[in-house]
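Residue-level listing of the chains:
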Amino acid sequence: MTYKAEPVENALHIEKHIITKIMEECMDEEEGRVLHTIYLTNDKPTCFRYQIAKTQGYKENRKDPRPIHFRAVREYLIKQWGAEVADPLLEADDAVGILASSLPPGITPIIVGIDKDLDTIKGLHYNFVTDQHYAVSEVESYKNFFTQMLAGDGNDNVPGIKGIGAITAEKMLDYESWANENGISLEDIDEGELISWMNDQVLDAYFNHFNGEDDYGELAEEKFEEMFHLLWILRSEDQLADT
């Protein structure tokens, strides 16, 4: 059975509709305009994550061919909307994380996308598919990240810890229950303490899972570092050197 591809004009029309909707939703009512930056990932596997993935190949599970009009839509975004291709060593998510973390006070970015990875960045968000506006706090952003550290990210072929899924990870990182059990009010806890507690939960899980596979915990540390750098969206270009 064969299928006839939709004309490229249809694809470009749909893309224009999506971008226009996003601009309308994110419009600054006082300014009457949107200052925007669209980031695209390099279309070749040059990102640093391909080099540091040792447990299994980064995004190696993606076997489906790209959409027929992938390049046409990509060129349209670059020429008509000023889209920028991220540094070859980075992905578009990293470029978003760096920009969102470097804006001066008084400028509040809205991170637009449908990828749950972006929810590991604090700030205002907009999902143009569900038409949902929402905010992610600093603690929530780290909880989302640590959930991926435990459960992995199937879309990018990052395994996390075998046997731990999203529901189990959610329970392991339930800092509200932990605070209640210890008679602590969340209002009295610094955000940094909660983030540190979640980090310890994840680190303990790695050591418990890999316990017995070596005598010094070196494997657990290696796996923790590998998954951390595969999943962490950069907040500055300097962080690239730490990978």
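For the structure itself, look to the data block above.
Quick look at the structure, then. (Residues numbered from 1 in each chain as written. Predicted model: local features only at pLDDT ≥ 70, side-chain atom pairs only at ≥ 80, totals over all residues. Heavy atoms only, no water.)

Looking at a nonpolar patch on the surface
Short version of the rule: Any residue with relative accessible area above 30% and no salt bridge may belong to a patch, with like charges joined within 9 Å and the nonpolar Val, Leu, Ile, Met, Phe, Trp and Tyr side chains within 5 Å. To be clear on the numbers: accessible area is Shrake-Rupley with a 1.4 Å probe, and residue cover counts the displayed protein chains and nothing else. A side-chain nitrogen of Lys or Arg and a carboxyl oxygen of Asp or Glu constitute a salt bridge if their distance falls within 4 Å. Each helix is a run of H or I in the DSSP string that is no shorter than four residues. Each strand is a run of E no shorter than two, and both are numbered from the N terminus.
A grouping of Ile110, Val112 and Leu124 is seen on the molecular surface, where their side chains present a nonpolar patch of about 190 Å² in accessible area. Structurally, Leu124 is set in strand E4 (residues 123-127).

Considering the pattern of salt bridges
Put simply, the rule reads: A 1.4 Å probe rolled over the protein chains alone gives each residue an accessible area, and that area as a share of the maximum for its type sets the label: buried under 20%, exposed over 50%, partly exposed in between.
The tally for this structure, following the rule as stated, stands at ten salt bridges. One salt bridge in this structure joins Asp43 and Arg71, with 2.7 Å as the shortest N-O distance. Taken together, the residues span a long stretch of sequence, with Asp43 in the loop between strand E1 (39-40) and helix H2 (48-52) and Arg71 in helix H3 (residues 70-81) at a distance of 28 residues. According to the relative accessible area criterion, Asp43 is buried, its value standing at 18%. Between Glu170 and Lys143 there is a salt bridge, and its shortest N-O distance comes to 3.0 Å. Placement of the pair is Glu170 in helix H6 (residues 166-172) and Lys143 in helix H5 (residues 138-151), with a sequence separation of 27 residues. Judged by relative accessible area, Lys143 falls into the buried class, the value being 15%.

Describing the nonpolar core
Just so we agree on the cut-off: For the purposes of this section, nonpolar cores are sets of buried Ala, Val, Leu, Ile, Met, Phe, Trp, Tyr and Cys residues that join through side-chain atoms within 4.5 Å.
In terms of nonpolar packing, the biggest core is built from 35 residues, with Phe146, Met149, Leu150, Met198, Val202, Tyr206 and Leu230 touching the most fellow members. Within the residue set of this core, elements represented by two or more residues are H2, H5, helix H7 (175-181), helix H8 (191-209) and helix H9 (218-231). Here the element with the most residues in this core is H8; it accounts for seven residues. In terms of nonpolar packing, the next biggest core, distinct from the first, is built from nine residues, Met23, Tyr76, Leu77 and Ala83 among them.

Considerations on the environment of Gln148
Let me state the cut-off plainly: For this analysis, residues touch if any pair of their heavy atoms sits within 4.5 Å.
Secondary-structure assignment places Gln148 in helix H5. As for Gln148 and Leu231, which are separated by 83 residues in sequence, their C-alpha atoms are 7.3 Å apart. Residues in contact with Gln148, not counting those within four places in the same chain, are Lys116, Asp117, Thr120, Asp153 and Leu231.

Side note on the sheet that holds E4
Cut-off, in case you're wondering: Here, a strand pair is defined by DSSP locating no fewer than two bridges between the strands. Comment: axis = line fitted to C-alpha atoms, over the contacting stretch for helices; angle = value between 0 and 180 degrees taken between N-to-C directions.
Sheet architecture is open: three strands sit in the order E3-E4-E5, paired in mixed fashion. Single-partner strands in this sheet number two, and they are strand E3 (110-112) and strand E5 (132-136). Recorded for the sheet is a direction-independent mean angle of 30° between the axes of neighbouring strands. Two strands pair when backbone bridges link them, and E4 and E5 are joined in this way by five bridges, in the antiparallel orientation. The residue of E5 that forms the bridge with Asn127 is Gln132.

Thoughts on the packing of aromatic side chains
Let me state the cut-off plainly: When two rings of Phe, Tyr or Trp (its six-membered ring) have centres within 6.5 Å they constitute a pair, described as stacked for plane angles under 30 degrees, edge-to-face for angles over 60, and tilted for the intermediate range.
For the structure on display, the rule yields eleven aromatic pairs. The interplanar angle of 80° and the centroid separation of 5.1 Å between the aromatic rings of Tyr50 and Tyr58 together place this pair among those described as edge-to-face. For Tyr50, a relative accessible area of 31% corresponds to the partly exposed category. A network of ring pairs unites the aromatic residues Tyr142, Phe145, Phe146, Tyr206, Phe210, Phe224, Phe228 and Trp232 as a single cluster.

Function-wise, these values are silent; they only describe arrangement.
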